[in-house]
Each structure stands twice: as C-alpha cells, then as structure tokens.
Amino acid sequence: MVKETRMHLSLNKRRKLRPYKDSTGDKIFYFVNGFVLFLLTLIVVYPLYFIIIASISDPDAIFNGDVYFFPIKITFEGYARLFNEPLIWTGYRNTIIYTVFGTAFNLLLTLPAGWALSRKNLPFRKLITWFFVITMFFGGGLIPYYLLVAKLGLVDNPLSMIVLGGVSVWNVFVCKSYFQANIPEELLEASHMDGCGEFRSFWHVVIPLSKPIIAVMVLFYAVGHWNSYFDALVFLSTEEYYPLQLVLKDILITAEVISNTGGSAETIIEQAKIANQIKYSSIIVSSIPIIILYPLVQKFFNKGFLIGSFK
Amino acid sequence: MPLTHAIKPAPETKFVKISFKKNFRKNWRLLLFVLPALIYVLIFAYLPMYGIVIAFQDFTPVDDILGPNANWIGFGNFLRFFNEFRFWRLLTNTFLLSLFGFLVGFPIPIIVALMLNSLKNQKIAKKLQTIFYAPHFISVVVLVGMLYLFFGEYGLINNIARSINLEAYSYFLQAEAFRPLFIFSGNWQDFGWSAIIYLAALSGVDPHLHEAAIVEGASRVRRIFAIDIPAIIPTISIILILSIGNLMSVGYEKAFLMQTGANIVTSEIIATYVYKIGFLGTGEYGYATAIGLFNSIINVILLVIANVSARKFSGNSIW
Amino acid sequence: MHKNNIIIALTLSAIILSSCQGSNSTSEIDIDSLGYQWTDTSAPIIATKDAISFDVLSPKNALADNYDDMKVFNDLNDSTNVKISWRNLSESAYAAQKTLIMSDRNNYPDAIYHAGFSDKEIIQYSSRKVIIPLDEYFDKMPNLSAILEKRPDVRRMLTAPDGHIYTLPKVEEMGLMPYPNLLFVNKSWIADLITANLISFLTINDLNDGLNLTLEQFRTILSLFKTEDMNKNGKNDEIPLSFVYQNWQGNYSDLYATFGIPENINHLTVLDGNITFTATDSKWREATNYFYEWVRDGLIDREIFSQTQDFFLAKGKATDQRLGAFYWWESETVVKNPEDYIVLNPLIGLQGQQYIGVSNNQEMTRGEFVVFSKAAHPEILLTYMDRYYDPIISAQINYGPIGIVFEEELDEHGKLVQKPLPQGMTADELRLKNAPLGCFYLSYEEWENVINMEPRARLRLERLDDHAIPFVYPGASPIPNITYTMTEINALSTIELNLNSYVYEQQTQWLLNGGPSESQFNTFKNTLNNIGLQEALAIYQAAYNRYIAEFE
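Fair warning: this is a prediction, and the values are worked out from it, not measured in the lab.

Enquirer: So, the overall build of chain C: which residues are in play, and what are the values?
Expert: When helices and strands are tallied, chain C shows 19 helices and 14 strands. A compact globule built from 552 residues would reach a C-alpha radius of gyration of about 24 Å, and chain C, at 26 Å, matches this within 12%. Taken along the three principal axes of its C-alpha coordinates, chain C extends 80 × 65 × 60 Å. Within chain C, residue pairs in contact and separated by at least 24 positions form 79% of the contacts whose partners lie at least 6 positions apart.

Structure, rendered in structure tokens:
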C-alpha cells in the first residue's frame, strides 16, 4: 500500500487516503497543538479587535473598564474630533508623499543593485558584496550620520524623508536571492543573443519576470516609510512637514497638548478629553493603508514561489 | 537553496575562468546597475564613519570635523564614559534586554512554525499564518501607544484588575516591568513574521520523508524532531548568528518611547543614552559618538565570536 | 547608461539644490536709507514699515497663539516699523532640536527668543563666535541701559566670565518665586467625614484657611478620601493627594520639609550662609522611607511620576471632582470648584516641627535671548528688543495686551489694571494664549507705580504671607542667581547633570519600591561623591561667597 506513488498528491488528499488512525499520543498532540494555536490567535487578534471597538465607544465607558467585547454607546466623536485636527491631515498628506516618492527612489536604487549582484559576471562582485555587508554591522553612529545629513542641507527639509533610508542592504540581498533563483543565466544569454544589451534585457526580460519581488520590495519599503518616526523626530522641526507617525507620537505617547493651529481656544481640560478620545481612532485611521494593502500582500505571500525566493 | 547562499559571495563560476580584464570589458555595464546604490551607501554609510573621529574630540554642534579648531582629547571621552555612575547599568540594560529578547524571541517563531506545519488542515494553517504576521506591520509608535492604552495606569488591564478588586500595577512606572513589557510586545509583534522563514524551509521538506516515518510508526512528535527540525537547522544557524551580532543594537526607537522617569533604571540603554547626550542638553557630540563607537565595536566582536563558533560547531557561517 | 546617469544626476542635483539657501534679506539693505533712530523710545525705529525684517526662532507654549498672530507683537510692529518673522515650534520640539538647530549652520535664524541657553552653552557658542556680544549695542538700547545703571545686580547676573553680555534678561520681582507650593484640601469632603463621625480630631469650625494638621492626621484624612467615595459617584476614583513631582511649582518639597530639612527640587539651599545638599541628610532618608508608604497605599497619586503640568491641571476639572488635596500656587487653576478648598499651613512633622524649605526659582534670569553672528544690522533688532523693557510693554509681554488682558484706561493711581476674565477661561489660560512671556523687566518699582498685580497674584501673596513665609526653616534662604567663572562652569556642567539624574532616579525608585536602607543610603552617598558632589558644593560655595561680598 505504501509503495503507491503519492508524490503528486496534496497533503489534504493524502490525509483522506491514509488508512492509519492517529495513535492516542498523536491525538493528544494534535489537540494541544490546536489549542495553543487557538490561544495564540486570540492573543494576536484581541488587542486589535479591542482598538476597533474602543474607537467607536464612549470614552467614559472605556475609562471605567466597561468595554470588553462589544462597543458601548457607539459614538463617532473620536473620529470627528480626529479629523478636526489639522495636523492629522497634513501628517497624512506628508506620509503619503514621503511613502510614494520614497519607495520609488528605493526601488530605483535597490532593484538594479540586486540584479547586478545576482550576476556572476559582475566585475568586483565579491568586493561590492563586502562593501554592502560591512555596513550592516558597523556604522558611523547616530551623530556622524546626523552631521552629514545637516551638511547636505537636509535638515528641516521634507526631501530628507524621501532620500534617507534610500538603500536597505538587507533588501538588496533579498532581491539578489530572488534574481539568482529565478532568472537563470540561460535566459539572459538568450536575450543577449537576440541583440539586447544589459539595459534592455533588464527592462524587457527581467522586470516582467520580477513582479513578485517588486511587490515584496514595494511592501517592505512602503511600510518602512509609512511607519517611520525617528528620522522625522530628529530632522524635522516645522510642523507642516511632520509625517503621520510623528503626529501620532504626540497623541498617543507624549500625550502633548496638541498645539493650537487656529480654531477656538480650547481649555486644558478640553484638550485632555480630546486627546483621550482620539487615541483609538487615530490608531485605526493611521493603519488604514496597511489594512488595505494587507490582503494584496497575502496573495503574494501565499503563492509558494515567493516564499521560495526567501531561500 | 539554503539561506547561506543568500549572503555568502558566490564561488567562482564553474565555467571557464576568464581573465579579469576581459570580464570587465565585457560586463562593465552591469556595474552601472549597482552604481547608484554604491554611491548612496558610500555617502550615507561610509562618510559618517569618517565622522567617528569626533569621538576623540571635544566637539560641539557648531564645530567642523577636521577644522583648525578641532579640540583633540584622545581617549578622554571613553574614559569619561567608563567612569560614569551609569556605565555598568547601561551595559547591563542593553545586554540583558537583547539577551532576554533573544532567549525568548528566538525559539518562539521556530516553535510556532513547527506547530503550524503540523496542523492537519493546512488551509487553516495558512490563514493563521496570515493572522500571525499582521501585527508586524504596525508602526512602533502605534505599538507603544497600544501598550500605554492597555497597560497604562488607567488602561484596560488595570481597569479590569480594579473591577475584580485586584491591585492595579503600574507597568510603566515599575522598573522591573520594563523588560518583560518590551520583550513580550516585541514577540507579539514579530513572531508571526519571523516564522515565515522557517515555514518556507519546512515547506521544502520532502513529503516522502514523512510518509516513510509514518510507516515506521513514528508519532507526530517524533516526526517533528526527526524530520522537521533537521530541515530548518541551517536556517536557524544563520538567523542565530545574525541575532547574536545584533545583540547590542536592540531597538532603541521603541525603548525611547517606552521610557518614563520612573523606569529609567532599566529602560536606559546605550543607544537611548547616546541620543540624550547628543541631541538633548548641550549636545555633546564628541562624547555621544564615542559611546556609539564603543557600542559598535562590541557588536562586531560579538559577531566575530558568533561566526567563528558557528563555523566550528555546525559548518554554517556567514563567511 | 543614460537612464542611470540621469538618475544619479537628478538625485545629486536635488540634494545640492536643496542645500542652497536663499540669501538673507537683511544683508542687502543699506542702513542709511532706513532712517534708523534709537533715542526716542516711543517713536518708530525705522522710517518705513517693514523695511527690515528679522527671522527669529522661538519655542512657544502649547496654549499660545502663533506669535505672528499675537496682538502684542503686532502692536510692537506698528509702533516700531520693525518686522519680526517668527518661527515657532513647540517647547518639547525645541528641547529635542536645539542642538540640531545649532549644527545646521546654513539655516541659522537671526536670533532665538526663549533660547534657554545654559551658562555652558553661552560660553561654548560665544567663544566660537556663533552668537554675538550684546553689550556693544547697549548704547542703542536706552531702556535697558537705564535699568542696568540702577540695578548693578542685574548687570552682574547677565555678565559672562569673559566680561561681555550675550543674552537679555528676564526680571520678575514679586516675592513669589521662592515659595512655589501651597497645600489645598477639599473642606467639604472633610466636613462630610466629620459629620459621618469618621474623624474625631476636627470640628466643622476648624475648616478654615490656616488649618494646622499633623502628618498622621493628614494621612488619616487621605486614607478616608480614598475609601469613602467622597464625590458620591459610586466609584472609588478619588485621588487623595496629587501634585507635579519635581516641577518648579506644585512639587513634593514641602512633604519632605516636614521631616526638618529645607528641601527643594534641587536639594540645594543656603543654610546660615553655607550651601547645603539635603539629599545626603539622614532626615531625607527618613522622609523617603515614610512617603513610600503613602505612595504604596495610594494616598499619593501614582501619576505624579509621569504627568505633565498640563495634565495635572486637567485633573481637577472633570465633571466629578476627584482631587482631595494638592500642591499648587492657587486653587482656581487646578479645580473648577475652588470655593470648596482651603489652604493648610505646612503639615506638622512627627517631631512637632512645622517647616517648609525655599526653592531656588530665580526672579531674574539670563539666557532668554541670543543673537547670531550672521544677523545683519543687529543694532536695529536690539533697539527693537529694547522696547520690551519699557514697563507698559513689559507688562503686556508677560500678561497679555492692553485691550484683551488689560483695560485701555489706567486706574485712579495711573496704573494698568486687569480686565475681568472672559467666561470659561482661567486667568492662566487667558495669559498663556495672549502673552509670549520672555524678555521683560517688572521690578518691585513697577508694581508700585505702573501695573496692578493680577488679582490672583495678590491673593497668592496674601496666602503665602499667612501660610508659607512664616514657616520657612530658620536660616534657609534661596541660592541667588550667581555667576561662575569659566573653569567653574566647565567643571559643573557634567557634574550637575549626573547629580540631578542620579538623585532623581534613586529617589523615584525608593518612593515607588521602598527604601533606602542604611547600606543603600551609604552606597548612594558614596556614588554622589564619586560623581563629584563635594567638588560641586565647593564651587557653589566659592561663587556664593563672591556674590555676597559684592552685594552686601
């Protein structure tokens, strides 16, 4: 029975065909396994769920600890107040700009570099690889980096949010892996024989075959830009340039009274009340693009060959 | 291909070895692909290294790095750091935070990957995997914001505690709560994402191996140890080495957001201290750079040690 | 080739272009054409409005309007014709960015207002010629020169070790600064406790300002506040005692003073002419151990360790009153029902002593305003700044403009008088919204002749006279704003930072977790000495002795 070829059968089908029953030991194992995974799922899901229901609940109810599984006294006041805060809008606008242009810049630098490194015939290949690798483990440190950025005139300059972090060496190597695994030399040779130079080959042959890796790079870099706050904290002093995360930091963490940029005089207590209400809604609103991007990402990740590219 | 090949420079091609000059003349255009990234890294990663010299100067924010007024003080900054009352505490905090983070955070993704892989219903496994890596995309600001909302003085956890007549606990004021909070939130966020690599390796396991094992009466648990784990050992080694090399550069952005006046005795790590010395107060750039340099050097030493040991013990290494 | 080259070129040029700054608008102006005058302090400084403008960076309070919109500054612009382009940022952003602002040499403003430069920074930047000496322009500043003539102590305070003056002063003499705390308690809650027979040592008639309570009596009251649902809303959400831990005002010091030490947030005070450090005293240790119990039992609000001043002030204004007692200068800013609160005399300690310490908050400070060397025509800017030292303008800078905060008409004594508060705003909020604060001169003379003190300031003075000043620890006085030599400043700057952080950390740990034991305290004292405590004390003493010699 065992010797029947089952090579092409999926796991599920195979299960149906398997005539063996699980031993008791196995039964226990599967039960525990499933249970633990179930708990893990709860641990991951509940906080996120809580944020959602809290964002539409009455703030006093939240404060009293009445909100557990269901929203209480549904109100969209939190969102209304959030959208009244002009910094949220500028933050959103800025972050979108930084993310779109920043990611484009990233791709422009990273993809070709990964491609070149994946080709065995790249001159100085070993040297270049080491050149990149060293920077992963040793650097000048925070201060010299910031001095350099200042010298380049990028302080308090929105361009800095696009240009800084332009190349992630890690990502370059992920691209390299992908190209090495998926674009064989033979394909290249065929393209050369057809008269395409390096650049045309790259553009017409490699890129079309690289949709998954481009998608992954877009994901990595875009999320990186979207979520970054520290560079903005250090380099930007004009509020107009603040990205969303920096505005969020003031709302969620330093719990600063948000400075009045026009609008009626809010007393301290009003400000504190607003601050509390908008914490939850601000989390949701700032995460919306991620939430939208997420299903798209899943699609690529669940396609086995992308996972293979990680190898 | 196993992960080692991702980083290790490839050996010479198995084709006919062509001379370097010939290769260059033929393939110089390829260099242009990598040139932008090279220039970028040169400017933003290597140029700052040159700025390390200020670690040996008494440098203020308005000074020039190699200006004529450069105030050289040799190892003065380093000596000052070693004599600080907080020197050992900073080292310990940084090291312990990374070490515990590593001890807890390293096995969990492996275990979860093994568990997911062992699920009979792989469709559900895929869905769970997706759920598990969702938190990875949350920004650090939102994550810490959530921590305050849940664990703050009047956060969800304390409100629940009060309502069932338990003492509320100040997670953000008690110094000993900092590390657990930091580490477990980090794990909550990243275990799913880190598990992906292991799941990828596991999916490459030949089903025949499992078949054969079942026939021989191996239990599921036995099969994990006999088949699954060996399949991911190479991956584990590389990740292990990389983690050890990064032991001293634990996420300062998050620590910075989680610091309060009350937990500073455990939450002040080298990187956050460097930030404070350099950017707050009078901006002692030279001193801050010296501390940062010290940190980097320790990292490199750890990395070398890790790599050498790994090569001796398992044959896998980064170089 | 083409594509990559283009990309490289574009990126590099983008970087280079963004680093090219526009040229300074003031440098191209020919000063003779402006009609610059400085002698008449009520006439315009230049002939044409906005013919010259200065770029001034300034952090501002969160509640303040943008300085470009403030009436005070617009009025000044009208009267002087000098335009100031204000670059505002929040106080916390400024604190985080100050060093970067200083290292961004292409982008310096002409000046920084609310600069908050420490002595070390003043020496550091003046010696590198980044900021300019201002005393060279005093001949163009009639108001300030007159002040410095009659106040040699202000001049002394401003002068840097090299003999020059690099910053402008802020002087506010009301006699309030050394006494930053008053203890308020909710009398209607205590009355409820008395009626319910839970307290026997007080009667209703005792509940007036100036009530004397011992530590243990107060402790009993606080415990009852915690458990008896005083605001009758069904929840035990009462906060027995709150304040702002180590803030310059409304801080913890008076609690420690009950143990017989003249405590303040620097742990430094003058005691019979000697600079004394309080945190190494055994009584300090006792106090810490004792108040740990209050923190542990929830009598002291745990949020004191994390809340900002603003959040503390929001606490007493919720729909249900939760604050039982608090430290602050006045009750009106803290609670929405101040009529329910009385002022207590300092608490009586376990050995019967009833003292408070004095704080080192200064009535005159330096470091408020600096001018960069890149500024063109700094004399015009400084003549403009000189206007701030006119008494009427000083009052407006500090409190808000005539018309909004002050009445247009002077009162019967010829002094400025405050308008009544608008509905729903506290005096604090009105002031912060409309007044930039910063550089001004309001000495005792001005309060006599030019301006009426705000009603709440007068109330504060009365309360301090009755309930604080009589109880000052005998022999204790604040450390004046002494000046140091260059070597002293360099030695002190690192030591002070470390001393402050270390004591703060340890004190916070002990208050939260208990301690210190004898051995912990010995380690504490040893570490303090290693950090340089004795050295610092010697420097303070020497500088203090010099100061006394000069002005006594």
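This is not the end of the story, as more comes after the structure.
Enquirer: Break down the overall build of chain A for me, with residues and values.
Expert: Secondary structure assignment for chain A yields 16 helices and 0 strands. Taking all 311 residues of chain A together, the buried fraction comes to 41%.

Enquirer: How would you sum up the environment of S517(C)? Please name residues and give values.
Expert: All names here are of chain C. Mapped onto the secondary structure, S517 falls in the loop between α17 (486–513) and α18 (518–531). Accessibility expressed as a C-beta count within 10 Å gives 12 for S517, which makes it exposed. Spatially, the C-alpha atom of S517 lies 8.5 Å from that of N289, the residues being 228 residues apart in sequence.

Enquirer: Which residues make up the confidence of the model for chain A, and what values do they have?
Expert: Residue and element names in this part refer to chain A. Here chain A shows a mean pLDDT of 78. Residues at 70 or above account for 80%. Every residue in residues 1–10 is under pLDDT 50, and counting partners more than four places away or in other chains gives 6 contacts. This model gives residues 303–311 a pLDDT under 50, and the stretch forms 22 contacts once residues within four places in sequence are excluded.

Enquirer: Can you break down the domain arrangement of chain A residue by residue, with the values?
Expert: All names here are of chain A. Parsing chain A into structural domains produces domain 1 (24–75) and domain 2 (82–310). Contacts between the two partners involve 5 residues from domain 1 and, on the opposite side, 6 residues from domain 2. Ranked by the residues each element gives to the side of domain 1 that touches domain 2, the list is headed by helix α2 (residues 24–55), at 4 residues. Class assignment for the residues of the side of domain 1 that touches domain 2 results in 4 nonpolar, 1 polar and no charged.

Enquirer: Could you give an account of the nonpolar core, with specific residues and numbers?
Expert: Within the largest apolar cluster, 283 residues are counted, with the highest numbers of intra-cluster contacts made by I291(B) and A111(C). No other element matches the 12 residues that helix α9 (residues 175–203) of chain B contributes to this core. Excluding residues within four positions of it along the chain, I291(B) makes contact with F81(B), I270(B), Y273(B), V274(B) and I277(B). If you look at the next biggest cluster of nonpolar residues, it comprises 5 residues, including I241(B), I244(B), L303(B) and A306(B).

Enquirer: Explain the sheet that holds strand β8 (residues 274–277) of chain C to me, using residue names and the numbers behind them.
Expert: Reading across the sheet, the 3 strands line up as β8-β7-β14 (chain C) and stay open at both edges, with antiparallel pairing between neighbours. In this open sheet, the two strands that pair with only one neighbour each are β8 and β14 (476–477) of chain C.

Enquirer: Explain the pairing of β8(C) residue by residue, including any values.
Expert: Residue and element names in this part refer to chain C. Where strand β7 (residues 268–271) lies against β8, 4 bridges are found, and the strand directions are antiparallel. Counted as the bridge partner of V270 is I275 from β8. Where β7 hands over to β8, the hairpin turn is made up of 2 residues, of which D272 adopts a positive phi near 50 degrees.

Enquirer: So what's going on with the confidence of the model for chain C? Which residues, and what values?
Expert: All names here are of chain C. Scored by pLDDT, chain C comes out at a mean of 89, with 95% of its residues at no less than 70. Note on residues 15–26: pLDDT under 50 across the span, and 18 contacts to partners over four residues away in sequence or across chains. At the level of chain-chain contacts, confidence expressed as ipTM amounts to 0.81, with global pTM at 0.84.

Enquirer: Can you lay out the interface of chain A and chain B for me, pointing to particular residues and giving the numbers?
Expert: Taken together, the contacts link 86 residues of chain A with 85 residues of chain B. Here the element with the most residues in the side of chain A that touches chain B is α2(A); it accounts for 14 residues.

Enquirer: How would you explain the sheet that holds strand β11 (residues 364–365) of chain C if you had to name every residue and give the values?
Expert: Residues and elements named next belong to chain C. Pairing within the open sheet is mixed, and its 3 strands lie in the order β11-β4-β13. Strand pairing shows two members of the sheet lacking a second neighbour, β11 and β13 (441–442), which therefore form its edges. When strand β4 (residues 170–172) meets β11, the two strands line up antiparallel, connected through 2 bridges. Bridge pairing in β11 links V171 to M364.

Enquirer: I'd love a proper account of helix α12 (residues 378–386) of chain C, names of residues and values included.
Expert: Residue and element names in this part refer to chain C. Buried residues dominate α12, accounting for 8 of its 9 residues. Among all positions of α12, only P378, I380, L381, L382, T383, Y384, M385 and D386 are buried. The secondary structure elements touched by the buried residues of α12 are β1 (53–60), α2 (71–80), β3 (111–113), α5 (142–150) and β12 (369–371).

Enquirer: Describe the domain arrangement of chain C, with residues and values.
Expert: Residues and elements named next belong to chain C. In terms of domain boundaries, chain C breaks down into domain 1 (42–170 + 364–442) and domain 2 (178–360 + 451–483 + 496–516). The C-alpha centroid of domain 2 is placed 34 Å from the C-alpha centroid of domain 1. Taken residue by residue, the interface counts 15 residues in domain 1 and 9 residues in domain 2. Of all elements in the fold, only α6 (152–158), β11, α13 (391–399) and α14 (427–434) reach the threshold of two or more residues within the side of domain 1 that touches domain 2.

Enquirer: Describe the packing of helix α14 (residues 244–252) of chain A against helix α7 (residues 140–151) of chain B, naming the residues involved and giving the relevant values.
Expert: Interhelical geometry of α14(A) versus α7(B) gives an angle of 10 degrees and a closest axis separation of 9 Å. Comparing their axes, α7(B) and α14(A) come out roughly parallel. Packed against α14(A), whose contacting residues are Q245(A), L248(A), K249(A) and L252(A), the element α7(B) presents V141(B), V142(B), G145(B) and Y148(B) at the interface.

Enquirer: Provide a residue-level description of the pairing of strand β2 (residues 83–90) of chain C, including the pertinent values.
Expert: Bridge count for β1(C) against β2(C) is 8 bridges, and the pairing is parallel. The residue bridging V56(C) from the neighbouring strand is W86(C), located in β2(C).

Enquirer: Describe unusual backbone geometry, with residues and values.
Expert: A cis amide bond links G515(C) to the next residue, P516(C), at an omega of -5 degrees. The residue P516(C) is located in the loop between α17 and α18 in this model. A positive phi angle is found at D156(A), which is not glycine, with a value near 50 degrees. If you trace the backbone, D156(A) turns up in the loop between α7 (142–151) and α8 (159–163). In this structure, D229(C) is a non-glycine residue whose phi angle is positive, near 45 degrees. Structurally, the position occupied by D229(C) is in the loop between α8 (215–227) and β6 (239–242).

Enquirer: Go over the packing of α17(C) against helix α19 (residues 533–551) of chain C, please, and point to the residues and values.
Expert: The description of two helices packed together rests on the angle between their axes and the distance between the axes. Residue and element names in this part refer to chain C. Between α17 and α19, whose axes approach to 10 Å, the crossing angle comes to 130 degrees. Classified by the angle between their axes, α17 and α19 sit oblique to one another. Here the hand of the crossing between α17 and α19 comes out left-handed. Touching E488, A491, L492, I495, E496 and L499 of α17 are L533, E535, A536, I539 and A543, all from α19. Within the contact of α17 with α19, the residues separate by chemical class into 8 nonpolar, no polar and 3 charged.

Enquirer: Could you give an account of the environment of G139(A), with specific residues and numbers?
Expert: Mapping G139(A) onto the fold places it in the loop between α6 (125–137) and α7. G139(A) sits in the buried class, given 21 other C-beta atoms within 10 Å. Along the backbone, G139(A) and L209(A) are 70 residues apart, and their C-alpha atoms lie at a distance of 35 Å. In contact with G139(A), not counting residues within four places along its chain, are A45(B), P48(B), M49(B) and S296(B).

What counts and what doesn't
Residues numbered from 1 in each chain as written. Chains lettered and ligands numbered in written order. Predicted model: local features only at pLDDT ≥ 70, side-chain atom pairs only at ≥ 80, totals over all residues. Helix = DSSP H or I, 4+ residues; strand = E, 2+ residues; numbered from the N terminus. Rg over C-alpha atoms; globule rule 2.2 N^0.38 Å. Contact = placed C-beta atoms within 7 Å. Buried ≥ 20, exposed ≤ 12 C-beta atoms within 10 Å, placed from the backbone. pLDDT = per-residue confidence, 0-100. Domains from an automatic or database assignment. Nonpolar A, V, L, I, M, F, W, Y, C, P; charged D, E, K, R; others polar. Core = buried A, V, L, I, M, F, W, Y, C linked by C-beta atoms within 7 Å. Pairing = 2+ DSSP bridges. Axes fitted to C-alpha atoms, helices over the stretch in contact; angles between N-to-C directions. Parallel < 35°, antiparallel > 145°, perpendicular 65-115°, else oblique. Left-handed = near helix turned anticlockwise from the far one by under 90°.

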